[in-house]
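# Reading the structure
So the chains spell out like this:
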Amino acid sequence: MAKDSYLVGLIGSGIGPSLSPALHEREADRQGLRYLYRLIDIDVLGVAPEAVGDLVRAARDLGFDGLNITHPCKQLVIEHLDALAPQAEALGAVNTVVFEEGGRAVGHNTDVTGFAASFARGLRDAPLERVVQLGAGGAGAAVAHATLTLGAERVTVVDALADRAADLAGSLNRHFGAGRAVAATPDRLPASLAGADGLVHATPTGMAAHPGLPLPAELLHAGLWVAEVVYRPLETELVRTARALGCAVLDGGGMAVFQAADAFRLFTGLEPDSGRMLADIAELGEKSAGQVV
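## Topic: the sheet that holds strand β3 (residues 66-69)
Read across the open sheet, the six strands follow the order β2-β1-β3-β5-β6-β4; overall the sheet is mixed. Of all strands in the sheet, those bounded by a partner on one side alone are β2 (34-41) and β4 (83-84). Packed on one face of the sheet, helix α10 (residues 253-268) meets β1 (5-12), β2, β3, β5 (96-99) and β6 (105-108) and runs near 10° to β5.

Below you can see the structure in the form of structure tokens.
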């Protein structure tokens, strides 16, 4: 028999404004479940990202059913898990941990499917010949895989850490075929974006705790579509600026919903209603308009 109560949480930095608790708990209420979603903010606790292993072990010992993992712990958590699902292993990043019977901690990644579903819904006819991606961290690995899976011919991965961009590009080429990904440093952004169809943003810049634009506004142009990963606030400075320039824009809300729906399924074994959850995030965003989401 399925359980009727669940305890889950989110580990990350600056996660106070997260909408994940409301998304999960609202859907659980509709399904008649007792479902508590707790935030485990490393900033509030005053611990380094490397403490994620201790936090995972503590959650397991306290009876949690699972955890979501976000910036900056998606890659650091891997060495503290007992097993990885194939998607997470291929990516080298985990955003969901399920505690199986006996306490076995298994890492999954629902960011890939979450971004792909959101993109297919919000930018269905967007050209995908040349895509530039900002960010090669845990979220960046997931959305790059999703973008290539969706049919992108080539993705240029840009990161301030040259080695990280090169590692991700190499991994993508091994998985999808030679030449599908290239690495670039930020000084190459003007040339890369001038001939690009779209921009995927996968860094923390724009989050409530990290406001601002991730690139100079003058590099954006009306022929570019822009897909944002940050969802709190739903209208980041990048989304607002790109929309004002006439770009087709995808905010981070869809990815947040679809990855949450996939995580909910992993935690409970029950099928969530993503349509209802999309309505939830729209309502939550509207209520938070003019505030930090």
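Back to the text.
## A closer look at the pairing of strand β7 (residues 130-134)
Most of β7 is tucked away, with four of its five residues classed as buried. In this structure, β7 lies alongside strand β8 (residues 154-158), joined through five bridges in parallel fashion. Bridge pairing in β8 links Arg 130 to Arg 154. In this fold, β7 hands off to helix α6 (residues 138-149), which returns the chain to β8; that crossover is right-handed. Sheet topology note: the β7/strand β10 (residues 198-201) ladder contains four bridges and is parallel. Across the sheet, Val 131 pairs through a bridge with Gly 198, a residue of β10.

## Section: the pattern of salt bridges
Here the structure, examined in full by the defined rule, presents 16 salt bridges. Between Glu 283 and Arg 26 there is a salt bridge, and its shortest N-O distance comes to 3.2 Å. Taken as a pair, Glu 283 in helix α11 (residues 274-287) and Arg 26 in helix α1 (residues 20-30) lie far apart in primary sequence, 257 residues in all. Looking at Glu 283, the relative accessible area reads 33%, which means it is partly exposed. Here Asp 61 and Arg 60 are joined by a salt bridge, their closest N and O atoms 3.3 Å apart. Counted as one network, the salt bridges with shared partners bring together Arg 26, Glu 27, Arg 30, Asp 273, Arg 276, Asp 280 and Glu 283.

Criteria and cut-off values
Residues numbered from 1 in each chain as written. Predicted model: local features only at pLDDT ≥ 70, side-chain atom pairs only at ≥ 80, totals over all residues. Heavy atoms only, no water. Pairing = 2+ DSSP bridges. Helix = DSSP H or I, 4+ residues; strand = E, 2+ residues; numbered from the N terminus. Contact = heavy atoms within 4.5 Å. Axes fitted to C-alpha atoms, helices over the stretch in contact; angles between N-to-C directions. Buried < 20%, exposed > 50% of the residue type's maximum accessible area, 1.4 Å probe, protein only. Right-handed = clockwise from strand over helix to strand, strands pointing away. Salt bridge = Lys/Arg side-chain N within 4 Å of Asp/Glu carboxyl O.

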